[in-house]
Amino acid sequence: MPSISSKGNAMPQSPIRKLVPYAEAAKKNGTKVYHLNIGQPDIKTPKVALDAVKNNTFEVLSYARSEGSEKYRIKLANYYAKNDIHVTANNIIATTGGSEALLFSIGSITDPGDEIIIPEPFYANYNGFSTASGVKVVPVISKIENNFALPAIEDFEKLITPKTKAILICNPGNPTGYLYSKEEIEKLKQIVLKHDLFLIADEVYREFTYDGEKHNSIMTLEGLEQNAIMIDSVSKRYSMCGARIGCIVSKNEEFINTAIKFAQARLSPPTYALLASEAALDTPQSYFDEVIEEYEDRRNTLITELQKINGVKVANPKGAFYCVAELPVNDTDDFAQWILEKFNDNNETVMVAPASGFYSTEGEGKNQVRIAYVLNKVDLKRSVKILKTALEQYNS
């Protein structure tokens, strides 16, 4: 029988999606499942984006340009300018989701065996993207005790080797919701300049900041033009996860010219989705004001309710719509499966994402889960009540 590649065997399962069969089985048995496991917003997609697809006059659904239409990229550059990010259409490549943007970026700057340093816990698919490219993830651990703040620069310095090509961050963070301060971004700037590295920032949650805090983009830092690579997406900003449109942004011309070759190899991003994404840029600020207010309320509700459970420790996120909670169990992979497979409370249960999949350090995060607060406040309260009951029963 032909053999599967070692790279294929090494590809990690998604901690977000691997429990789906158990959730589907629970639903078939009549159990309602509250999904706290995945960052799929329940916020309505802007009508202007949906109308652009419904009311278009296409007679032929043709290929888009590999890098996305110039009109879209100019419009996107104008959006960034409002966020103090000054780039041109030539600094932008439209991609099939932020995932493809990361794959193209990693492929453009690394060779097999190279290394990327990532503060962990981190978005689980960074492991997959790196494995697919034959790249080694070198983790630097952040701690729940200080809300998963940037680890000390000394912790980064001791991990840098001749194989290190980049530092990768997610800001605001998935799964932690941590929002990097301007001082922390400046520290990262200094270390990548000192060691001649790329700094990749996954900024897809840029709009989602709370408590009056401001997002600090790496693209606003002077002197970092040749080192900075920004990853972005329409998925969360406009509640358009199914559109699968993201982008790469960089002022490094050699990097962009290289990434375009990857874009050409996959031909083009989807035309209808580009049309919707272009229209979405006309979404009024009032949409975001309402969305941020709603998410801030949800965050406050979730954190307050979780803190009522004995033995639960939870970080307080300042951005995105996730938090990491430490539970009084030894193995949240087992608990997350058990709560779907063998538990219900009045025919209701919850689905969470075990946090071990958001680490690459063996044994880390085994008692943690990621919770996405993408449900309304009533459902969030009910979900936490179910979680409390489940923990009591699981530990009895």
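Above: the structure in question.
Nothing here was measured: the structure is a model prediction, and the numbers come from that model.

J.: How do you make sense of the pairing of strand β13 (residues 368-372) when you look at a structure like this?
T.: A regular strand carries its side chains on alternate faces of the sheet. In terms of burial, β13 is largely enclosed, as five of its five residues are buried. Residues of β13 alternate between two faces, with Gln368, Arg370 and Ala372 on one and Val369 and Ile371 on the opposite face, all of them buried. Relative to β13, strand β10 (residues 322-326) runs antiparallel, the two being bridged by five bridges. Within β13, the residue paired with Val324 across the bridge is Arg370.

J.: So what exactly am I meant to see when it comes to the packing of aromatic side chains here?
T.: Think of a pair of aromatic rings as described by two things: how far the centres are apart, and how the planes are tilted against each other in angle. Summed over all chains, the structure comprises 20 aromatic pairs. Members of the aromatic cluster, joined through ring pairs, are Tyr205, Phe208, Tyr295, Phe321, Tyr322 and Tyr373.

J.: Sorry, what's going on with the side chain of Thr283 here?
T.: Among the secondary structure elements, Thr283 is positioned in the loop between α10 (271-280) and α11 (285-306). Polar contacts involving the side chain of Thr283 include one to the main-chain carbonyl oxygen of Ala280, which spans 2.5 Å.

J.: Mind showing me how you'd approach helix α9 (residues 253-265) here?
T.: Every α-helical turn comprises 3.6 residues, leaving residues that sit three or four positions apart pointing alike. With 13 residues, α9 extends 19 Å from end C-alpha to end C-alpha; this agrees with the ideal 18 Å at 1.5 Å per step. For α9, the full list of buried residues reads Phe255, Ile256, Ala259, Ile260 and Ala263. Across the axial projection of α9, the buried residues extend over an arc of 140 degrees, all falling on one side. Along α9, the residues that are exposed and aim more than 90 degrees away from the buried face are Glu254, Lys261 and Ala265. Against β2 (92-95), α5 (97-109), β7 (228-233) and β8 (246-249) lie the buried residues of α9. N-cap assignment for α9: the residue whose side-chain oxygen lies 3.1 Å from the backbone N of Glu254 is Asn252. Immediately beyond the C-terminal end of α9, within one or two residues, lies Leu267, with a positive phi of roughly 75 degrees.

J.: How should empty space enclosed by the protein be read in this particular structure?
T.: Scanning the entire structure with this criterion turns up three cavities of 30 Å³ or more. By volume, the largest cavity is sized at about 120 Å³. Forming the walls of the largest cavity are 16 residues, and the residues nearest its centre are Pro119, Pro121, Cys170, Thr176 and Tyr180. The element best represented in the lining of the largest cavity is strand β5 (residues 164-170), accounting for three residues. Classifying every residue of the lining of the largest cavity gives twelve nonpolar, four polar and no charged. For the lining of the second largest cavity, the secondary-structure elements that each account for two or more residues are α4 (70-81), β7 and β8. Among the elements that line the lining of the second largest cavity, the one with the most residues is α4, at three residues. When the residues that make up the lining of the second largest cavity are grouped by side-chain class, the tally is six nonpolar, two polar and two charged.

Cut-offs applied
- Residues numbered from 1 in each chain as written.
- Predicted model: local features only at pLDDT ≥ 70, side-chain atom pairs only at ≥ 80, totals over all residues.
- Heavy atoms only, no water.
- Buried < 20%, exposed > 50% of the residue type's maximum accessible area, 1.4 Å probe, protein only.
- Helix = DSSP H or I, 4+ residues; strand = E, 2+ residues; numbered from the N terminus.
- Pairing = 2+ DSSP bridges.
- Phe/Tyr/Trp six-rings, centres within 6.5 Å; stacked < 30°, edge-to-face > 60°.
- Polar contact = N/O pair within 3.5 Å; in protein donor to acceptor, adjacent residues only side chain to side chain.
- Expected span 1.5 Å × (residues − 1).
- Arc of directions from axis to C-beta.
- Contact = heavy atoms within 4.5 Å.
- 1 Å grid on protein atoms, 1.4 Å probe; cavity = no way out; pocket = protein on both sides within 12 Å on 5 of 7 lines; lining within 4 Å.
- Points joined across faces, edges and corners; volume = space filled by probe spheres on them.
- Nonpolar A, V, L, I, M, F, W, Y, C, P; charged D, E, K, R; others polar.

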